[in-house]
Structure formats: C-alpha cells, structure tokens
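The residues making up each chain are set out below.
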Amino acid sequence: NELDQLRHDLQLTEDTLHQRQQATAALAGELEKRQRRYRTIAGVGALVFWEADSQGAMLSTTGWATLTGRTEAAALGHGWEDSVHPQDLPVIASTWAVSIAGNTTLDVEFRVASGQQQWHWVRARGAPVHDGGPMAWAGVLEDINARRQAQDEISYLARHDPLTGLANRAVFHTRLQQLAAAPCSDTVVVL
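1. Description of the confidence of the model for the chain
Part 1: Summing up the model confidence of the chain, the mean pLDDT is 84 and the portion of residues at 70 or higher is 90%.
Part 2: The least confident element of the chain is helix α1 (residues 2-42), whose mean pLDDT is 80; the most confident is strand β3 (residues 106-113), at 93.

Next comes the structure, spelled out in structure tokens:
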C-alpha cells in the first residue's frame, strides 16, 4: 500500500513537471513571437513600440519615456492621452474607431508633448494582433516632426511674401471673397 502511494505520488510529480515544461515552452514561444514582432517593427525606425487593447488602453510601451519625458508606466491605460495635444484627441479617437470597426490597420498623425515642453509630431501605425488571445493591437510611433515642419513652412511660403512676410495676393483674394460672401454688418474687417 505504501509502495502504491509512492508510485502515485511519483506519477503526480511527473505529471506536474510535464505540465510546467509545457507552460515554459508556451511562454518561450510567446516571448520569441514578441521578439520577432519588435525586431520587425524596429526595422522601420520607430521611436516607441506599443501594444493596446481594442479600447485604446495601452498595455505596454517601450520608448515612451525618451519621447515624452514621462515614465512608461504613465502611458499605460489611457495615461498616454495626457501627452497628446488636445486638438488631436478627436482625430485619434475617430481613426481608432474606424480601425477597430473594420479590423484594419491604424495610421494617424498627432502631436505629443516632448520632454522639452514642445509639441512633437508623430505618426502612429499599428495593426490587430491575431494570436488566439483577446483582441489586441501592436504598433509604433514614428518621428515625422521634420516633415510636418517642412510642410508648414511650404504652406506659409505659399501664402506670404518670403522677403517681407506679408500676406500675398492669394491670401488677399481669398479674404476678399470671404468678405463678399459674408452678410453685411457694421464690423470692421482687417485684410
């Protein structure tokens, strides 16, 4: 009877060990999958790697502290929104909703507060992760600040004289059209 009990205990121990080995192998597989994902994303020159749930709550970030000067933990959940320019939040929300509804990639540009208290343009790109678990998204934030500044400069130069900085004929013509289309009033209009 004692020998049977020892055999039974030994079999339980072997079964437990086998289950732990399977769990360890599964975790190692998950780790390898995440590493492959991050290596792939790193190839596109990302500032921040992120993973979020289907409601936009951040599950993990890497590089957030370098970009914003705030801790990675501060970005978790919806804390990342505290660093986003308030005018850009509605654009992000609508883009996120469309991506979730269509189970499509996310691609949106917005400003975040950098560590120097300046607004820095980034592009968030992400995709749904289909790995059998709860719906999640993974992606990157890319630095597009130089491109957006160049676009702003070109837009300014298209409407202003480069030597004097004064509005050019195109701006004058547009404002005259707006004035002509506006209802009559006693207010003074500055051209």
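2. With respect to a nonpolar patch on the surface
Part 1: A surface patch of nonpolar side chains, amounting to about 250 Å² of accessible area, comprises Phe172, Leu176 and Leu179.
Part 2: With respect to the secondary-structure elements, Leu179 resides in helix α6 (residues 169-181).
Part 3: Classification of Leu179 as partly exposed rests on a relative accessible area of 38%.

3. Quick look at the packing of aromatic side chains
Part 1: Taken as a whole and assessed by the stated rule, the structure comprises 2 aromatic pairs.
Part 2: Where Trp96 meets Trp137, the ring centres are 5.3 Å apart and the plane angle is 50°; that geometry is what we call tilted. Of this pair, Trp96 sits in helix α4 (residues 89-102) while Trp137 is found in strand β5 (residues 136-143), placing the two residues 41 residues apart along the sequence. Comparing Trp96 with Trp137, the two get one shared label, buried.
Part 3: Of the aromatic side chains, those joined through ring pairs into one cluster are Trp50, Trp96 and Trp137.

4. Some details on the sheet that holds β3
Part 1: Ordered by their spatial adjacency, 5 strands build an open sheet running β2-β1-β5-β4-β3, and the pairing between neighbours is antiparallel. What marks the edges here is a single partner per strand, and that holds for β2 (58-62) and β3. Across the sheet, the mean angle separating the axes of adjacent strands is 25° when strand polarity is ignored.
Part 2: Where β3 lies against strand β4 (residues 119-129), 8 bridges are found, and the strand directions are antiparallel. Residue pairing in the sheet places Ala113 in a bridge with Trp119 of β4.
Part 3: Across the sheet, α4 is in contact with β1 (46-53), β3 and β5; its angle to β3 comes to roughly 155°.
Part 4: Running over the sheet, helix α5 (residues 145-159) touches β3, β4 and β5 and is turned about 125° from β4.

5. Quick word on the pairing of β4
Part 1: With 8 bridges connecting them, β4 and β5 associate as antiparallel partners. Bridging from a neighbouring strand, Gly126 pairs with Gly139 of β5.
Part 2: What sits between the antiparallel neighbours β4 and β5 is a turn of 6 residues, in which Gly132 has the positive phi angle 90°.

6. Comments concerning the pairing of β5
Part 1: For β5, a buried count of 7 out of 8 residues is recorded, marking the element as mostly surrounded by other parts of the structure.
Part 2: Examined bridge by bridge, β1 and β5 share 7 bridges and lie antiparallel to one another. For Glu51, the partnering residue across the bridge sits in β5 and is Ala138.

7. Some details on the layout of surface pockets
Part 1: For the largest pocket, the calculated volume is near 280 Å³.
Part 2: Looking at the largest pocket, it is lined by 19 residues, and the ones nearest its centre are Gly56, Met58, Trp80, Ile92 and Trp96.
Part 3: Of all the elements in the fold, those that place two or more residues in the lining of the largest pocket are β1, β2, α4 and β3.
Part 4: If you tally residues by element for the lining of the largest pocket, the top one is α4, at 4 residues.
Part 5: Residues that form the lining of the largest pocket fall into these classes: 14 nonpolar, 4 polar and 1 charged.

Reading guide: rules and limits
Residues numbered from 1 in each chain as written. Predicted model: local features only at pLDDT ≥ 70, side-chain atom pairs only at ≥ 80, totals over all residues. Heavy atoms only, no water. pLDDT = per-residue confidence, 0-100. Helix = DSSP H or I, 4+ residues; strand = E, 2+ residues; numbered from the N terminus. Patch = residues over 30% accessible without salt bridge, like charges linked within 9 Å, V, L, I, M, F, W, Y side chains within 5 Å. Areas by Shrake-Rupley, 256 points an atom, 1.4 Å probe, with all protein chains shown as cover. Salt bridge = Lys/Arg side-chain N within 4 Å of Asp/Glu carboxyl O. Buried < 20%, exposed > 50% of the residue type's maximum accessible area, 1.4 Å probe, protein only. Phe/Tyr/Trp six-rings, centres within 6.5 Å; stacked < 30°, edge-to-face > 60°. Pairing = 2+ DSSP bridges. Axes fitted to C-alpha atoms, helices over the stretch in contact; angles between N-to-C directions. Contact = heavy atoms within 4.5 Å. 1 Å grid on protein atoms, 1.4 Å probe; cavity = no way out; pocket = protein on both sides within 12 Å on 5 of 7 lines; lining within 4 Å. Points joined across faces, edges and corners; volume = space filled by probe spheres on them. Nonpolar A, V, L, I, M, F, W, Y, C, P; charged D, E, K, R; others polar.

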